[in-house]
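Listed below are the residues making up each chain.
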Amino acid sequence: MRFAPSPTGSLHLGNALTAVVNRRFADAHGGALVLRIDDTDPSRTVAGGEEAILADLAWLGVDWDEGPVRQSERGDLYRAAAERALASGAATRDDEGAVRLVREGTTLLRADGTATYQLASVVDDLDLRITHVIRGSDHRPNLELQRAIARALGGELPEVVHHGLLLGPDGRKLSKRHGHASLADLRDEGFPAQAVRAYLEELDLPEHDVRLDLARLRRLATDAIAAMSDEELAESAGAPVEAVAAMRGARSLVEAREYAQLVLQPLPADVPAEARATLERFAELRERAPERLSLEEARAIVRELKAVGGDLRALRLALTGATRGPELAAVLVAVPRDEALARVATALGGP
Ligand code: GLU
């Protein structure tokens, strides 16, 4: 098998699907997966594009057995193949020096001696002894031509399967405009890698085009965060493990990081004067409890305050500087006693 991205930058989600499908198929059949970088077209090669793809694959947990094989380093192979096609009469050289397939008229080698995608792809599929190609259906129009090129080279194209493409929620080609189009987008939006991988695995090998189901992806993100160990969650969110109690209910890693910030570095806040009684009562309860609370102990304090009609919103404001955030009890767990008392004292106008 091979996964053959062009180095245009972070992988499009549809390309990530191709990668996952190829890895799964190779594993299921005891095969090997070659990572091939299709960098014959300078206009589709961006600086850092290959590095971005390698980082994306690592993030997604897709590994490969051979490569990266770069087409830009295999020019001699493609030129030799073009010579074979010329020798057999399957190809001709035009006045400018480009080599074309006689029957289809397609360019195999440009006048400057560089191979086109069509030639390079077929030569590599034969040379790397690829047995099965699985790729997006946007390449279906290339199939017959590539078969003809393979025959002109004295070979046979591997078995080729095309999968449906990933569309935006509106049914159009998933693009930057939609957001969530590339793995970099999804990572920036705080989707854990496990959720993206699980989503792509669920799509299996779609026969037809499928719309990106954001609700499902979000659901998988919540599940993935819930399934992480404290250390994993802290590391994925880029926040210290001390704040993990506050990160637990987050629906994305971005939200988890925000929640951690709230307990680690509260925003400045004005707490209403009427909240004084609540804050004083909280200080009494908190004083008597251990330095670090369990979730049950924290919930018990919240219940007590609620029972006396306490202003829980003001307490949250005093502790985090925000009116929204993780469950209040989770905040109490994440903020140690002395720190909580200091924040309440500040809100009460203390030192
Ligand atoms: N480099 C092509 C792409 O990025 C892959 C072509 C193929 O799989 O044959 O879509």
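If you're wondering where the values come from, they're calculated on a predicted model, not measured in any experiment.

### Some points on the packing of aromatic side chains
Alright, step 1. Using the criterion set out here, one finds zero aromatic pairs in the structure.
Alright, step 2. Taking NZ or CZ as reference, R187 lies 5.0 Å from the ring centre of W59, over its face.

### A short note on the nonpolar core
Taken as a class, soluble globular proteins show a tendency for nonpolar side chains to be buried jointly.
Alright, step 1. With 42 residues, the main nonpolar core has M247, F282, I301, L315, L319 and L332 as its most contacted residues.
Alright, step 2. Ranked by size, the runner-up nonpolar core spans 35 residues in total, among them L35, I134, L166 and F191.

### What about helix α13 (residues 295–307)?
Alright, step 1. Helix length check: α13, at 13 residues, gives a terminal C-alpha distance of 18 Å against a target of 18 Å (1.5 Å per residue), a fit within 8%.
Alright, step 2. Buried residues of α13: A298, I301, V302 and L305, and no others. The buried residues of α13 occupy one face: seen down the axis, they fall within an arc of 95 degrees. Turned more than 90 degrees away from the buried face of α13 sit E296, R303, K306 and A307, all of them exposed.
Alright, step 3. Looking one or two residues beyond α13, the residue adopting positive phi is G309, at roughly 70 degrees.

### What about the sheet that holds strand β4 (residues 91–93)?
Alright, step 1. If you walk across this open sheet you meet the three strands as β4-β5-β6, and the pairing is antiparallel. Of all strands in the sheet, those with a lone pairing partner are β4 and β6 (107–109), marking the two edges. Averaged over all pairs of adjacent strands, the angle between strand axes in this sheet comes to 35 degrees, irrespective of strand direction.
Alright, step 2. Bridge count for strand β5 (residues 99–101) against β6 is two bridges, and the pairing is antiparallel. Bridging from a neighbouring strand, V99 pairs with L109 of β6.

### As for the layout of surface pockets
Alright, step 1. When its volume is computed, the largest pocket comes out at roughly 1,100 Å³.
Alright, step 2. Lining the largest pocket are 39 residues, and of these S6, N15, R44, D138 and H139 sit closest to its centre.
Alright, step 3. Broken down by class, the residue content of the lining of the largest pocket amounts to 11 nonpolar, 17 polar and 11 charged.
Alright, step 4. The calculated volume of the second largest pocket comes to roughly 230 Å³.
Alright, step 5. M1, A32, L128, R129 and I130 are the residues nearest the centre of the second largest pocket, which is lined by 14 residues in total.
Alright, step 6. Split by residue class, the lining of the second largest pocket holds seven nonpolar, four polar and three charged.

Rules behind the numbers
Residue numbers restart at each chain and count upward from 1, following the sequence in its written direction. A pLDDT threshold of at least 70 governs which residues receive local features in this predicted model, and a stricter bar of 80 or more applies before side-chain atom pairs are shown or counted, although totals over entire chains, interfaces and linings include all residues. Values shown for side chains rest on all heavy atoms present in the structure; no hydrogens or waters enter the calculation. Ring pairs are drawn from Phe, Tyr and Trp, using the six-membered ring of Trp, whenever the two centres fall within 6.5 Å, and their geometry is named by plane angle: stacked under 30 degrees, edge-to-face over 60, tilted for the rest. To sit over a ring, a charge needs its Lys NZ or Arg CZ within 6 Å of the ring centre and within 35 degrees of the ring normal. Take the buried residues of types Ala, Val, Leu, Ile, Met, Phe, Trp, Tyr and Cys, join any two whose side-chain atoms come within 4.5 Å, and each joined set is a nonpolar core. Per-residue accessibility, obtained with a 1.4 Å probe over protein chains only, is compared with the maximum for each type, and a residue is labelled buried under 20%, exposed over 50%, and partly exposed between these values. Starting at the N terminus, helices and strands are each numbered in turn, a helix being any DSSP run of H or I of at least four residues and a strand any DSSP run of E of at least two. The span expected for a helix works out to 1.5 Å for each residue beyond the first. Arc definition: directions from the helix axis to the C-beta atoms. Strand pairing is defined by DSSP finding a minimum of two bridges between the two strands. Only the stretch in contact is used when a helix axis is fitted, and all axes are lines through C-alpha atoms; the angle between N-to-C directions ranges over 0 to 180 degrees. Every definition here rests on a 1 Å grid over the protein atoms only: cavities are sets of points where a 1.4 Å probe fits but cannot get out, pockets are open sets enclosed by protein on both sides within 12 Å along at least five of seven lines, and lining residues have some atom within 4 Å of a point. Grid points are joined across faces, edges and corners, and a volume is the space filled by probe spheres set on the points. Just so you know the grouping, Ala, Val, Leu, Ile, Met, Phe, Trp, Tyr, Cys and Pro go in nonpolar, Asp, Glu, Lys and Arg go in charged, and all remaining residues, Gly too, go in polar.

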